[in-house]
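# Report on the structure
Listed here are the chains, written in short residue letters.
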Amino acid sequence: MKKVILSLAFVASVLIGCQTNEQNPNENEVTENTSAQKAEKQCFTVEVLEEKLSKNPSLKGNMEAVENFTNDYLSKVKSGEIAGRLVNGKIQIPVVFHVIYRQASENVPLSVLQDQIAALNEDFNMQNPNRGAMPAEFAGVEANVNIDFAIEDVIRVQNKKKRRWSPDDSMKFTSKGGSDVVNPQEFLNIWIVNYMPYQTGQILGYAQFPGGDWSTDGVVLAYRFVGRTQRTASHEVGHWMNLRHIWGDGGCGASDFVADTPDADGPSRGCPSYPTVECGSANMTMNFMDYSDDSCMYMFTQGQKARMDAVFAPGGFRATMAD
Ligand code: ZN
Ligand code: CA
């Protein structure tokens with residue numbers, strides 16, 4: 001999600017594109033190779049949610065139930081009625097990768113998947129090497145989310161027809177050229193696809209919030225944004241654990257339902273200097289749920305951790321994964 005990576009991806013995509021065009025002169029991937037890489041980062045989680053809410057009348061209620069449970073959990077922890085997750089210790093999350101590729105270069109090797117897992121484990125265990133740049137103002141609310149990820153399985157599906165995917169969940173179904181979800185109540189399913197164009201840019205990834213249909217539960221990533229230095233997965237897994245964008249997908253006053261993340265007027269871009277002040281406070285531009293460059297995002301907060309904890313608490317949407 002950072003510009004350096006996008007630049008590298010641009011070079012890589014030109015090379016791939018050239019090869020592709022030689023092999024398939026009728027296929028036009030010019031959009032991907034030029035204007036797409038200049039576009040700013042795009043997570044499509046909220047857009048996908050809005051589309052689903054418009055089509056599925058029961059989804060709103062299901063997600064409200066998750067929010068009600070979360071608020072109840074948080075108030076009980078605050079009052080001391082329940083102890084919170086500390087009593088249960090670390091949560092271990094088995095990950096099933098579905099690598100949906102057309103050509104060999106998109107068939108992300110196991111070593112890169114392992115690198116991605118290492119990056120997730122850094123970010124969810126307060127080990128991110130960029131944390132040294134943390135402003136003192138935010139150090140006090142930084143959280144060790146205390147969640148580990150490990151590869152459970154890697155499923156590889158070659159789909160020779162698909163040059164691009166839409167954020168419509170088709171990659172999550174074998175019948176649509178993708179790969180069916182595997183036991184989503186026990187495993188985090190991550191689908192990796194070749195390319196998801198959007199307008200003049202591309203979608204880096206999207207996630208499904210708790211409360212959605214199990215058949216589409218998980219995270220989707222475009223293959224260029226998977227690996228050791230990438231933070232797209234940490235951002236999307238944050239959504240999958242019920243975190244919202246830090247700016248609340250609105251202007252000042254829009255909430256991410258987390259008290260210790262300051263209001264922001266919109267997403268951050270690039271690598272903002274501190275303090276970048278909006279809405280009367282310094283933006284937490286280094287939060288994983290912002291849109292800053294990957295090398296400049298390195299923290300979750302205690303409030304975000306509490307929301308994630310609720311998802312795995314007894315009775316929570318993903319409780320079966322933590323027990
Ligand atoms: Zn997002
Ligand atoms: Ca907030």
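Quick note: structure is the one above.
So, how was this worked out
- Residues numbered from 1 in each chain as written.
- Chains lettered and ligands numbered in written order.
- Predicted model: local features only at pLDDT ≥ 70, side-chain atom pairs only at ≥ 80, totals over all residues.
- Heavy atoms only, no water.
- Phe/Tyr/Trp six-rings, centres within 6.5 Å; stacked < 30°, edge-to-face > 60°.
- Helix = DSSP H or I, 4+ residues; strand = E, 2+ residues; numbered from the N terminus.
- Buried < 20%, exposed > 50% of the residue type's maximum accessible area, 1.4 Å probe, protein only.
- Lys NZ or Arg CZ within 6 Å of the ring centre and 35° of its normal.
- Pairing = 2+ DSSP bridges.

### Here's the deal with the packing of aromatic side chains
- The final tally for this structure, using the stated rule, is eight aromatic pairs.
- Plain terms: the ring middles of F288 and F300 are 4.7 Å apart, the flat faces sit at 50 degrees to each other, and that makes the pair tilted. With F288 in the loop between β9 (281–282) and α9 (302–312) and F300 in the loop between β9 and α9, this residue pair connects regions lying twelve residues apart in the sequence. The same class applies to F288 and to F300, which are both buried.
- Clustering of aromatic rings is evident, with ring pairs tying together F124, F149, F288 and F300.
- One residue, K162, lies across the ring of W165, its end atom 4.6 Å from the ring centre.
- Across from the ring centre of F173, 5.0 Å away, lies the NZ or CZ of K176, which sits over that ring.

### Looking at the pairing of strand β3 (residues 188–193)
- Counted residue by residue, β3 has six buried out of six residues, so it is predominantly covered.
- Side-chain alternation along β3 places L188, I190 and I192 on one buried face and N189, W191 and V193 on a second face that is also buried.
- For strand β1 (residues 91–101) and β3, the ladder comprises five bridges, and the chain directions are parallel. Residue V95 lies in a different strand from β3, and its bridge partner there is L188.

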